[in-house]
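# Structural features, examined
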Amino acid sequence: MSKKRSNLQIAQEQAESTIKKTNDKIEELGKYTSNLYTALNDIQELFDKIRNVPSQKHLEYIKLKEVRLNWKQQVEKIESDYKNAVAKNAGKGVTGVGAGVAVVALGPTAAMGIATTFGVASTGTAISALSGAAATNAALAWLGGGALAAGGGGMVAGNAFLALAGPVGWAIAGIALLGSGLLFWKTKSDQNRLENIFTLISKRDKKSYELAIIELNERISRIRDESVKLNDAIEKIESFGVDYNQMTEAQQYELGAYVNLMSASTQLLVNPILGLQPKYNEEDFSKFISEGNGKANEVLCSSHKDLIIALSNLLYKIKLDDRDKKLLWKSFKKNKMFLSSMNISKKEFDDIILDIVCEALYFRLC
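From a predicted model like this one, the values you see are computed outputs, not experimental measurements.

### Details of the packing of aromatic side chains
- Summed over the entire model, instances satisfying the criterion amount to 4 aromatic pairs.
- An aromatic cluster of three or more residues is present, and its members are Phe285, Phe288 and Phe363.

### A look at unusual backbone geometry
- Positive phi values are uncommon outside glycine, yet asparagine 52 reaches one of about 65 degrees.
- Counting through the fold element by element, asparagine 52 comes out in the loop between α1 (7-49) and α2 (55-88).
- Overall, asparagine 52 belongs to the partly exposed group, its relative accessible area being 44%.
- We note that lysine 317 has phi near 65 degrees; this positive angle belongs to a residue other than glycine.
- Within the secondary structure layout, lysine 317 lies in the loop between α11 (305-314) and α12 (322-333).
- Owing to a relative accessible area of 57%, lysine 317 belongs among the exposed residues under this scheme.

### Comments concerning the packing of α1 against helix α7 (residues 188-238)
- The geometry of α1 relative to α7 is characterised by a closest axis approach of 8 Å and an angle of 15 degrees between their N-to-C directions. Judged by the inter-axis angle, α1 sits roughly parallel to α7. Pair α1 / α7 crosses with left-handed handedness.
- Across the contact of α1 with α7, the residue classes break down as 23 nonpolar, 12 polar and 12 charged.

### A closer look at the nonpolar core
- In this structure, Ile43, Phe47, Trp71, Leu230, Ile237, Leu255 and Met262 are the most contacted members of the largest nonpolar core, which totals 45 residues.
- If you list the elements that add at least two residues to this core, you get α1, α2, α3 (108-118), α7 and α8 (249-270).
- With 10 residues, the top contributor of residues to this core is α1.
- Residues contacting methionine 262, with those up to four places away along its chain left out, are Leu40, Ile43, Gln44, Phe47, Tyr61, Leu64 and Leu230.
- Judged by nonpolar contacts, the second largest core, of 35 residues, contains Leu194, Leu311, Leu339 and Met342.

### Some points on a negative patch on the surface
- A cluster of acidic residues, Asp42, Glu45, Asp232, Glu235 and Glu238, forms a negative patch on the protein surface.
- Elements with a minimum of two residues in the negative patch: α1 and α7.
- Ranked by residue count, the leading element in the negative patch is α7, at 3 residues.
- Relative to the helices and strands, aspartate 232 resides in helix α7.
- A residue is classified by how much of its surface remains accessible, and aspartate 232, at 45% relative accessible area, is partly exposed.

### Focus: the environment of glycine 241
- On the secondary structure map, glycine 241 appears in the loop between α7 and α8.
- Judged by relative accessible area, which is 35%, glycine 241 ranks as partly exposed.
- Each C-alpha atom, one on glycine 241 and one on leucine 46, is 9.7 Å from the other, the two residues being 195 residues apart in sequence.
- Once you skip the residues sitting within four places of it in the chain, glycine 241 turns out to touch Ile50 and Met247.

### Digging into the side chain of arginine 204
- Note that arginine 204 resides in helix α7.
- Assessed through its relative accessible area of 14%, arginine 204 is described here as buried.
- A distance of 2.9 Å separates polar atoms of two side chains, one belonging to arginine 204 and the other to aspartate 205.
- Within polar-contact distance, the side chain of arginine 204 engages the backbone oxygen of leucine 314 at 3.0 Å.

### Some remarks on α8
- The terminal C-alpha atoms of α8 lie 32 Å apart, and with 22 residues this matches the ideal 32 Å at 1.5 Å per residue to within 8%.
- Three or more residues of α8 are buried, namely Gln251, Leu255, Gly256, Tyr258, Val259, Leu261, Met262, Ser265, Thr266, Leu268, Leu269 and Val270.

### Describing the pattern of salt bridges
- Counted by the stated rule, this structure contains 18 salt bridges.
- Between lysine 206 and glutamate 210 there is a salt bridge whose closest N-O contact spans 2.8 Å. On the criterion of helical spacing, the pair formed by lysine 206 and glutamate 210 is a turn pair, its members being 4 residues apart in helix α7.
- Residue lysine 206 is classed as partly exposed on the basis of its relative accessible area of 24%.
- Ionic contacts of the salt-bridge type, sharing partners, join the residues Arg193, Asp321 and Asp324 into one network.

What counts as what
Residues numbered from 1 in each chain as written. Predicted model: local features only at pLDDT ≥ 70, side-chain atom pairs only at ≥ 80, totals over all residues. Heavy atoms only, no water. Phe/Tyr/Trp six-rings, centres within 6.5 Å; stacked < 30°, edge-to-face > 60°. Helix = DSSP H or I, 4+ residues; strand = E, 2+ residues; numbered from the N terminus. Buried < 20%, exposed > 50% of the residue type's maximum accessible area, 1.4 Å probe, protein only. Axes fitted to C-alpha atoms, helices over the stretch in contact; angles between N-to-C directions. Parallel < 35°, antiparallel > 145°, perpendicular 65-115°, else oblique. Left-handed = near helix turned anticlockwise from the far one by under 90°. Nonpolar A, V, L, I, M, F, W, Y, C, P; charged D, E, K, R; others polar. Core = buried A, V, L, I, M, F, W, Y, C linked by side-chain atoms within 4.5 Å. Contact = heavy atoms within 4.5 Å. Patch = residues over 30% accessible without salt bridge, like charges linked within 9 Å, V, L, I, M, F, W, Y side chains within 5 Å. Areas by Shrake-Rupley, 256 points an atom, 1.4 Å probe, with all protein chains shown as cover. Salt bridge = Lys/Arg side-chain N within 4 Å of Asp/Glu carboxyl O. Lys, Arg positive; Asp, Glu negative; His and termini not counted. Charge placed at Lys NZ, Arg CZ, Asp CG, Glu CD. Polar contact = N/O pair within 3.5 Å; in protein donor to acceptor, adjacent residues only side chain to side chain. Expected span 1.5 Å × (residues − 1).

As structure tokens, this is what we get:
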């Protein structure tokens, strides 16, 4: 007779299932993004052939071209970094462990989906909190976190809590903490409390990822529509000729409308999926500090900003009483892997840090 599953196990399985659906949807997004990118390049080639375009219009689509190029470079970097991580960890028993959760075999379209999901390109400044290396780390955290949640040591060996430190992998890491026995307790009562906390985290994450899937579906729908419009525009532009001055006024007006279409379509490539952004980020933390909070523990806040942000994401919207905080603190404090990945010693991991996290979250949510 099979053992009855606990509420935590049920909640974790449901969260993992939703994470898998989210990953699948990100891959699907990548396929449509690939088509959109091709259509944008095709229409750009037609614009490049047209002579005597007014300078302002010319500058607009040259700028869009640069944004797309930047985005494509980020796609290639994500793919390359991921493959390097896989190669680096080959033979360590972690590659391929994420079947069902992680995007193990990352191809160009998957990289495109991830790049679009996290918004890795812009006009030179970050569209969201993510850009450049941070975005790549986010993507790897997502992938590594997936592998971690599946029960292995994590895709990034020796840095298993990258997911927790990353902006999106914190939820998956939360599952892994209990699932891989990385939390510690002394009594059945303590175990029940910890399980209750992580059951709430899993339920919160399930809901959050369900909302993200809705957003991903909406993005896919918009990309499909815009791709059709771009392909229609390509056919029209080909009939206009290649000299702007020889076009009719209506054709010149239509050409201007197509620049606007290219702009809107490019944003669908580079704008992040908001539902997958961190719930608590560096900007939130900076605001918390700048308004006079944490002064009594200035050194701790300054030295362990990443840890505070990571725990704030893990515990976002989770109510803790003093006993819960104490228990979590003790459990984390005994976890060498956690302390190492967060670059903090057992001695430095003061219980005040969890108080700061709770204050930071209260400040953020008020």
